[in-house]
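This is what each chain is made of:
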Amino acid sequence: LAFHHHAAAARISACGRTRAPDCRGLVVNERLGATIAVTLTPDALRRVRGGHPWVFDRSVVRAPATAATGDLAVVFDARQRFAAIGLYDATSPIRIRILHHGKPTTVDTDFLRARMAGAVERRSEFTSDRRTTAYRLVHGENDALPGLVVDRYDTSVVISLDTAAWLPHLDRVVAVAADLLEPARIVLRTSRTVANAATTPPFPSAAVGVPADAGHAGRVVWGDPLDDEIVFLEHGVRFGVDLLDGQKTGHFLDQRDNRRLVASHSRGRDVLDVFCCTGGFGVHAAVGGARSVLSVDQSKSAIAATIANMERNRGRRGVDSCEHDTACGDAFEVLARLRASGRRFDVIVVDPPAFARRQREVDSALAAYRRLTRAALDVAAPDVQLFQASCSSRVDRRSFLTAIDQAVHESGWTMLDRTVTGAPADHPVGFADGSYLDATILRLRRNDQSPGRTARRSRAR
């Protein structure tokens, strides 16, 4: 089993049923390191055989002392039989990202091409939709390419790495993406942890296209230079994206359908978009006929991007007739000022960043969701549509919804209707821990508002 430096290299297929897990002869090349043999705890082995793509460091019973990030780790069972193969990451608690389990197979450039081509084919509904030109093509573990994300923004492609284990193989990843997708350019984005790994031996930055001061910023690694923002369509709405310095890969593609859902409730209504980022919800609401939109974010660059995206859609009747305003500041502080001013909103969007990156942060995250719900309802009109989302993978859906329900009840509101949503089809969930985005839109009425009173208020407006 080998990940070859050149597609034309002779394939090595071994490590099947052997007397001992010995892969010493399966060297890919000096820079990339060897294919190594590892054994796991019985529980971890069961999870791997069941299709789970992660092996944590505490689950590795035996591995060579010389094991390096980027090595191909061949997993054997207690009887020295092949169980799986994955990428080894000495820098991460997720020590092995499983690429394949079951019967032995050859892992080379053709393997990578087939996996990526399969992911693209499963998204044919997006690649043929001219009204949406930005979508996810490879969703990491959920497309059996763990730690690797590929997003398209019109004619540009962004490759995002969540593990340094892909760095030694980046040349092949880029080459396959360029051949399959035929983009104008490919931008590389990494987490700060991966970027730091890229600038330390054995990963010299010149070899992997990551500058020494990269942090989490992006860099064009293939194709034409990038001198300006890329403009793309989302359900026919125009957005600009900064592929080099924007959050994640530039735009939160996973909220695409939820933005359209909010827009469907916005006609003739006053909309509040908290944590607006690049203005996705607010712009869609304006296109959907909102009377006014207030966009809130503590980032000045996010506010500037929101204003620019609203302007990109001028000329559309909904946007031209919508009163758009912004507020830059801490969400809770802005909500407190709005409450004091007496301003009220018919549609409220609360889409915060991840609150729980570790298991020990789950309780505080749930408390933050409850606090946000209460603060949002303090500025809600008597009959309101509240959209709230969680992108904290460690917070399960039931706990998230329960936290919101508690805050709604404690704040004196009655739930009239609820829709629960998640990520769109280009962000599939392929394993138990693969779900991270939960969202709900609630129709609520204050307990002191009768239907007749609410109706009279609506007619008066």
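An account of the accompanying structure is given in this report. All values derive from a computational prediction rather than experimental measurement.

### A look at the sheet that holds strand E13 (residues 219–223)
Next up, step 1: Pairing within the open sheet is mixed, and its five strands lie in the order E9-E10-E11-E12-E13. Every other strand in the sheet has two partners, leaving strand E9 (134–139) and E13 as the edge strands with one partner each. Geometrically, the sheet is characterised by an average inter-axis angle of 25 degrees between neighbouring strands, direction not taken into account.
Next up, step 2: Relative to strand E12 (residues 185–190), strand E11 (residues 156–161) runs parallel, the two being bridged by six bridges. Looking at E12, one finds that Ile159 is bridged to Leu188.

### Some thoughts on the sheet that holds strand E21 (residues 413–421)
Next up, step 1: Spatially, the seven strands line up as an open sheet ordered E18-E17-E16-E19-E20-E22-E21, and their pairing is mixed. Two strands bound the open sheet, and with one partner strand each, they are strand E18 (323–328) and E21. For this sheet, the mean angle separating the axes of adjacent strands, direction not counted, is 15 degrees.
Next up, step 2: Inspection of the sheet shows strand E16 (residues 270–274) paired to strand E19 (residues 345–350) by four bridges, in the parallel sense. When the bridges of E19 are listed, Asp273 appears paired with Val349.
Next up, step 3: In the packing of helix H9 (residues 300–312) onto the sheet, the strands contacted are strand E17 (292–297) and E18, and the crossing angle to E18 comes to about 170 degrees.
Next up, step 4: Its contacts with the sheet put helix H12 (residues 362–377) on E19, strand E20 (380–390), E21 and strand E22 (438–446), and the angle it makes with E20 is roughly 155 degrees.

### Things to note about the environment of Gly236
Next up, step 1: Its location among the elements puts Gly236 in the loop between strand E14 (230–234) and strand E15 (237–241).
Next up, step 2: For Gly236 and Asn313, which are 77 residues apart along the polypeptide, the C-alpha to C-alpha distance reads 9.9 Å.
Next up, step 3: Among all residues touching Gly236, those that are not within four sequence positions of it are Arg131 and Arg316.

### Re the pattern of salt bridges
Next up, step 1: Summed over the entire model, instances satisfying the criterion amount to 22 salt bridges.
Next up, step 2: Its salt-bridge partner being Arg259, residue Glu234 comes within 2.7 Å of it at the nearest N-O pair. Taken together, the residues span a long stretch of sequence, with Glu234 in strand E14 and Arg259 in helix H7 (residues 256–263) at a distance of 25 residues.
Next up, step 3: For Glu234, a relative accessible area of 1% gives the class buried.
Next up, step 4: A salt bridge links Arg418 to Asp405, with the shortest nitrogen-to-oxygen separation between them at 2.5 Å. Note that Arg418 is positioned in strand E21 and Asp405 in helix H13 (residues 397–410), a separation of 13 residues in sequence.
Next up, step 5: The exposure class assigned to Arg418 is partly exposed, which follows from its relative accessible area of 26%.
Next up, step 6: Several salt bridges share partner residues, and in doing so they unite Arg49, Asp77 and Arg81 into one network.

### A look at the packing of H12 against H13
Two packed helices can be described by the angle between their axes and the distance between those axes.
Next up, step 1: Two elements in contact, H12 and H13, have axes whose closest approach is 8 Å; the angle formed by their N-to-C orientations is 40 degrees. Compared by their axis directions, H12 and H13 come out oblique. In this structure, H12 crosses over H13, and the sense of that crossing is right-handed. Contact residues: Leu366, Tyr369, Arg370, Thr373, Arg374 and Leu377 in H12; Ser399, Phe400, Ala403, Ile404, Gln406, Ala407, Val408 and Glu410 in H13.
Next up, step 2: In the contact of H12 with H13, the residues fall into eight nonpolar, three polar and three charged.

### As for the packing of aromatic side chains
What describes a pair of aromatic rings is the distance from one ring centre to the other and the angle between the planes of the rings.
Next up, step 1: Using the criterion set out here, one finds eight aromatic pairs in the structure.
Next up, step 2: Ring geometry for Phe232 versus Phe239: centroids 6.0 Å apart, planes at 25 degrees, classification stacked. Neither residue differs from the other here; Phe232 and Phe239 are each classed as buried.
Next up, step 3: Relative to Phe387, the ring of Phe281 lies with its centre 5.0 Å away and its plane at 45 degrees, an arrangement referred to as tilted. Here the residue Phe281 occupies a position in helix H8 (residues 280–287), and Phe387 occupies one in strand E20, the gap between them amounting to 106 residues. Considered together, Phe281 and Phe387 belong to a single accessibility category, that of buried residues.

What counts, and at which threshold
- Residues numbered from 1 in each chain as written.
- Predicted model: local features only at pLDDT ≥ 70, side-chain atom pairs only at ≥ 80, totals over all residues.
- Heavy atoms only, no water.
- Pairing = 2+ DSSP bridges.
- Helix = DSSP H or I, 4+ residues; strand = E, 2+ residues; numbered from the N terminus.
- Axes fitted to C-alpha atoms, helices over the stretch in contact; angles between N-to-C directions.
- Contact = heavy atoms within 4.5 Å.
- Salt bridge = Lys/Arg side-chain N within 4 Å of Asp/Glu carboxyl O.
- Buried < 20%, exposed > 50% of the residue type's maximum accessible area, 1.4 Å probe, protein only.
- Parallel < 35°, antiparallel > 145°, perpendicular 65-115°, else oblique.
- Left-handed = near helix turned anticlockwise from the far one by under 90°.
- Nonpolar A, V, L, I, M, F, W, Y, C, P; charged D, E, K, R; others polar.
- Phe/Tyr/Trp six-rings, centres within 6.5 Å; stacked < 30°, edge-to-face > 60°.

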